[in-house]
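Observations on chain architecture
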Amino acid sequence: MVTMDELRTQSGDVDFHRGRRMFCIRNGKLTVAPEGTAMSHLEWFEAEGWITKDNAREFMDSTIRGIFLPARHALFFYKGMGFFFDTAVVKEASRWAEELMSALALDRHVEIYVGPPDAVIHGTQYRQERLGTIESVTNEVRTTQSSGRASRVAEREN
């Protein structure tokens, strides 16, 4: 079980933290952390006044968050006291990809993953899955949201 202290910035995390951009989806809105911050998500949420000792675990479990990692040209989405994902995280990653592209000035070829950038973080093993690129997941979302019109057009083109 991951503790709150493990979600705080460790000395070895500072360079990694400064090189990535954090984001979260809260109350149906995308919020992006300041560029170059060494804070962890937990510390950022505390600084914003969104969490207290009493609701921290509940907030971390219910809030989808993630990072853009320029070194990997990739977005990572997860939630929980660790870096977990479920079908809701997968759905939201696809749903918010285009808005993140705009907010962070990313290109359509940025890779999208659920789970953390590393399989092992502070000694804990995590699952990770590639969903595609911003372009491929936003095309899938549009196709499934349409009233079948896009799929009928695709059938005619094939």
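Residues numbered from 1 in each chain as written. Predicted model: local features only at pLDDT ≥ 70, side-chain atom pairs only at ≥ 80, totals over all residues. Heavy atoms only, no water.

1. Some details on unusual backbone geometry
Look at Asn27: it is not a glycine, yet its phi comes out positive at around 55°. By secondary structure assignment, the location of Asn27 is in the loop between β1 (21–26) and β2 (29–32). For Asn27, a relative accessible area of 65% translates into the label exposed. (Helix = DSSP H or I, 4+ residues; strand = E, 2+ residues; numbered from the N terminus. Buried < 20%, exposed > 50% of the residue type's maximum accessible area, 1.4 Å probe, protein only.)

2. Side note on the sheet that holds strand β4 (residues 74–78)
The sheet built from six strands is open, its strands ordered β2-β1-β3-β4-β5-β8 with mixed pairing. Looking at the sheet topology across the chains shown, the edges are occupied by β2 and β8 (129–133). Averaged over all neighbouring strand pairs, the angle between strand axes comes to 25°, with direction disregarded. Relative to strand β5 (residues 111–114), β4 runs parallel, the two sharing four bridges. Residue pairing for β5: Phe76 is matched across the bridge by Tyr113. Taken strand by strand, helix α2 (residues 41–48) contacts β1, β2, β3 (64–69) and β4, and its axis lies near 60° from that of β1. Each of β1, β2, β3, β4, β5 and β8 touches helix α4 (residues 87–103); the most contacted strand, β2, lies at about 60° to it. (Pairing = 2+ DSSP bridges. Axes fitted to C-alpha atoms, helices over the stretch in contact; angles between N-to-C directions. Contact = heavy atoms within 4.5 Å.)

3. Some details on α2
Within α2, burial applies to His41, Leu42, Glu43, Trp44 and Phe45. Where α2 is buried, its residues meet β1, β2, α3 (56–62), β3 and β4.

4. A closer look at α4
A rise of 1.5 Å per residue sets the reference length of α4, with its 17 residues, at 24 Å; its end C-alpha atoms lie 24 Å apart and thus fit the reference within 8%. Within the span of α4, buried status applies to Val89, Glu92, Ala93, Ser94, Trp96, Ala97, Leu100 and Met101. Between a side-chain oxygen at the N-terminus of α4 and the backbone nitrogen of Ala88 the separation is 3.1 Å; the capping residue is Asp86. With its phi angle positive at about 55°, Ala105 sits one or two positions after the end of α4. (Expected span 1.5 Å × (residues − 1). Polar contact = N/O pair within 3.5 Å; in protein donor to acceptor, adjacent residues only side chain to side chain.)

5. Section: the environment of Glu129
Note that Glu129 resides in strand β8. Considered as a pair, Glu129 and Val90 are 39 residues apart in the sequence and their alpha carbons are 9.3 Å apart.

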